[in-house]
Amino acid sequence: MNISILFALILAIIIVTMAIAVLVVKKIKTAVLVSGVVSLLASIVYLLLASPDVAMTEAAIGSGLTTIIFFYVLNKMRSSDV
Amino acid sequence: MFKKLFIIAIVAGFAVLLWSYLRHYSERTTLNDLSTYYVDNTAHEIGAANVVTAIVVTYRGFDTLGEVTILFVSASLIAMFLKSMGKEKSRNARPASLILVTAQKLLFPLILLFGVYIFINGHLTPGGGFQGGSVIATGFLLWLMANPEGHVPQNLLNTIESISGFGYVAAGLFGLILGLGFLDNRFMGLGTLGHLFSAGVIPVIYSFIGLKVGAELSNVLHHLNEIQNEE
């Protein structure tokens, strides 16, 4: 078995575990951060599967912008609702 | 109880679907017909060293125009809904930490430069307008986190966005008039394969897309930052 395929498999197992953790975890901040890490690891998997364009987009948008947008909206909801 | 059963049924359905796909899966050793066409003809038809870019900008250029339109509409809607109501109160935000401010001063120009590099070299190396634009927006996000109360040149962002959108459609129309069809890249001369000034109008279009996406995403982030100040 190819070494990069083995690496991708290990990453895939970590991604699935973290994706389940997002659903289970109690604090919403932790859930947002963990989903950002899922995107970051997914971008490495895309790179191993020879699609660097998608990896770039996933790293910039999935783990960078979306996480911060979630935090902005969470902050706004907490200050206006309660 | 019923809801949980429903979810389990849906997950089991997906498992069956994926299993039936996996059972017949075998890795392709040859390209299929369409891919063979692209690989054989991109170099002399389009002149781009990056086949993915040739497909995205020229062969499937209309789809890219649609994507840009979708992004434009969603950014405009966000700007419409999150328009600040004028009753701003000072947030008295904690000043950003020294490490963040210092690192931002060093990294912000470098990240912008990297984004520009990605979209200018879109026809040679992996990447392109969307990737470069989102990298630029990430750099702007770093700046915004270091200066949450800083002045954002919003008119400049809007102007860049409008000019780039107009330029993209204008380049497509020039292709229709001077070349063979809408978004045809061959009216500017293909140049030498692998050089920076090659592949006709593709670098110009990708620069427009990169600037447009970067300005739009930065505008969205700016609006989201702005409403944090409101009551």
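Remember, predicted model here, so these are calculated numbers, not experimental data.

Parameters and conventions
Residues numbered from 1 in each chain as written. Chains lettered and ligands numbered in written order. Predicted model: local features only at pLDDT ≥ 70, side-chain atom pairs only at ≥ 80, totals over all residues. Helix = DSSP H or I, 4+ residues; strand = E, 2+ residues; numbered from the N terminus. Rg over C-alpha atoms; globule rule 2.2 N^0.38 Å. Buried ≥ 20, exposed ≤ 12 C-beta atoms within 10 Å, placed from the backbone. Contact = placed C-beta atoms within 7 Å. Nonpolar A, V, L, I, M, F, W, Y, C, P; charged D, E, K, R; others polar. Axes fitted to C-alpha atoms, helices over the stretch in contact; angles between N-to-C directions. Parallel < 35°, antiparallel > 145°, perpendicular 65-115°, else oblique. Core = buried A, V, L, I, M, F, W, Y, C linked by C-beta atoms within 7 Å.

**Q** Let's hear about the overall build of chain A: which residues, and what values?
**A** Helix and strand content of chain A: three helices and zero strands. Ordered by position in the sequence, the α and β elements of chain A form the string α-α-α. On C-alpha atoms alone, chain A measures out to a radius of gyration of 15 Å, which is more than a quarter above the 12 Å that the 2.2 N^0.38 rule sets for 82 residues. Considered along the principal axes of its C-alpha atoms, chain A spans approximately 55 × 25 × 10 Å. In chain A, which comprises 82 residues, the share counted as buried stands at 18%. Sequence-distant contacts, at least 24 apart, represent 44% of the contacts inside chain A between residues at least 6 apart.

**Q** I'd like to hear about the interface of chain A and chain B, residue by residue, with values.
**A** At the junction of the two partners, chain A supplies 13 residues and chain B supplies 16 residues. Classifying every residue of the side of chain A that touches chain B gives eight nonpolar, three polar and two charged.

**Q** Lay out the packing of helix H2 (residues 33-45) of chain B against helix H3 (residues 51-59) of chain B in plain terms, naming residues and giving numbers.
**A** All names here are of chain B. Remark: H2 packs on H3, axes separated minimally by 10 Å, with the N-to-C direction vectors making an angle of 85°. Taken together, the axis directions place H2 and H3 in an arrangement best described as roughly perpendicular. Every residue of H3 that contacts H2 at Tyr 38, Val 39 and Thr 42 is listed here: Val 51, Ala 54 and Ile 55. Along the lines of polarity and charge, the residues of the contact of H2 with H3 split into five nonpolar, one polar and no charged.

**Q** Lay out the nonpolar core in plain terms, naming residues and giving numbers.
**A** Core analysis: the biggest nonpolar cluster contains 37 residues, and Ile 202, Ile 205 and Ile 209 of chain B have the highest contact counts within it. Among the elements of the structure, helix H3 (52-81) of chain A together with H3, helix H5 (98-120), helix H6 (129-146), helix H7 (154-178) and helix H8 (202-226) of chain B are those that each provide at least two residues to this core. It is H8 of chain B that provides the largest number of residues to this core, a total of 10 residues. Once residues within four sequence positions are removed from consideration, Ile 209 of chain B is found in contact with Val 68, Gly 129, Phe 130, Gly 133 and Tyr 168 of chain B.

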